[in-house]
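Inside the fold
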Amino acid sequence: MKDKFRIALIAATISLAGTAGVAVAQAPGMPQTPGFTSKPIQSAPLTGDDGKELYAIAVTIAPGGYSPAHIHPGDCLGTVTEGTVDLVVEGKETRCVAAGEAFSNSRGLVHQFRNTGDVPVRMVTFLVVEKGKPRVMPPPDGTK
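Residues numbered from 1 in each chain as written. Predicted model: local features only at pLDDT ≥ 70, side-chain atom pairs only at ≥ 80, totals over all residues. Heavy atoms only, no water.

Focus on the pairing of strand β4 (residues 84–89)
Every other side chain in a regular strand lies on the same face of the sheet, so the side chains alternate between the two faces. Of the strand pairs in this sheet, β4 and strand β5 (residues 95–98) are connected by four bridges, and their pairing is antiparallel. The residue of β5 that forms the bridge with Thr84 is Ala98. As consecutive antiparallel partners, β4 and β5 are separated by five residues, and within that stretch Gly91 has a phi angle of approximately 85°, a positive value. Relative to strand β7 (residues 111–114), β4 runs antiparallel, the two sharing four bridges. What sits directly across from Leu87, in β7, is Phe113. (Pairing = 2+ DSSP bridges. Helix = DSSP H or I, 4+ residues; strand = E, 2+ residues; numbered from the N terminus.)

So, the sheet that holds β4
The strand order β5-β4-β7 describes an open sheet built from three strands, whose pairing is antiparallel. With one partner strand each, in any of the chains shown, β5 and β7 form the two edges of the open sheet. Taking each pair of neighbouring strands and ignoring which way they run, the sheet shows an average axis angle of 30°. (Axes fitted to C-alpha atoms, helices over the stretch in contact; angles between N-to-C directions.)

Notes on the packing of aromatic side chains
Counted according to the given criterion, the structure contains one aromatic pair. Cation over ring: Arg135 sits above Tyr55, and NZ or CZ is 4.9 Å from the ring centre. (Phe/Tyr/Trp six-rings, centres within 6.5 Å; stacked < 30°, edge-to-face > 60°. Lys NZ or Arg CZ within 6 Å of the ring centre and 35° of its normal.)

Focus on the sheet that holds strand β1 (residues 36–46)
Strand pairs in the sheet, formed through backbone hydrogen bonds, run parallel or antiparallel to each other. Sheet architecture is open: five strands sit in the order β1-β2-β8-β3-β6, paired in antiparallel fashion. What marks the edges here is a single partner per strand, and that holds for β1 and β6 (102–105). Geometrically, the sheet is characterised by an average inter-axis angle of 20° between neighbouring strands, direction not taken into account. Here ten bridges tie β1 to strand β2 (residues 49–61), and the two strands are oriented antiparallel to one another. By the bridge assignment for β2, Leu46 is matched with Asp49.

A few points about the pairing of β2
Counted between consecutive antiparallel strands, the loop separating β1 from β2 contains two residues, among which Gly48 sits at a positive phi close to 85°. As paired strands, β2 and strand β8 (residues 121–130) are joined by ten bridges and run antiparallel to one another. Paired with Ile57 across the two strands is Thr125, which belongs to β8.

A word on the environment of Ser106
Among the secondary structure elements, Ser106 is positioned in the loop between β6 and β7. On the basis of relative accessible area, Ser106 is assigned to the partly exposed category, the value being 47%. For the pair Ser106 and Pro73, spaced 33 residues apart in the sequence, the C-alpha separation amounts to 8.9 Å. (Buried < 20%, exposed > 50% of the residue type's maximum accessible area, 1.4 Å probe, protein only.)

Things to note about the side chain of Thr33
Following the sequence through the fold, Thr33 ends up in the loop between α1 (2–17) and β1. Here Tyr66 takes part through its backbone oxygen, which lies 2.5 Å from a polar atom of the side chain of Thr33. (Polar contact = N/O pair within 3.5 Å; in protein donor to acceptor, adjacent residues only side chain to side chain.)

Any functional reading would require information that these geometric values do not contain.
Below you can see the structure in the form of structure tokens.
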């Protein structure tokens, strides 16, 4: 089952990587961090739920770079396509995620990505969020 999921996720990633997208700045109030960029590459309504949207977001993290600590107002699922990234989740041990592996974060879970390697990390994250809500927000307590 994991292999079927992984194959489907990688196929979706490859398919979406070729889709033209419009670069959008990070959410208002989100701090900029060195070496971290994210760009929505596709959005679509969620079939059967008119109140939700699905987003695919291309992420690149330079060596030594990191994302700001953040939360999503919906579920997040992603895969690393190049490199290796540390996934830091509040209350859990740091997890190293390598190319070809997937991760998920539940709604409202404070998390952050860090590239401690010497090559850029590329990944695609998929978010399911309510229409009209931001895709990403700072943690409620201001964690950095």
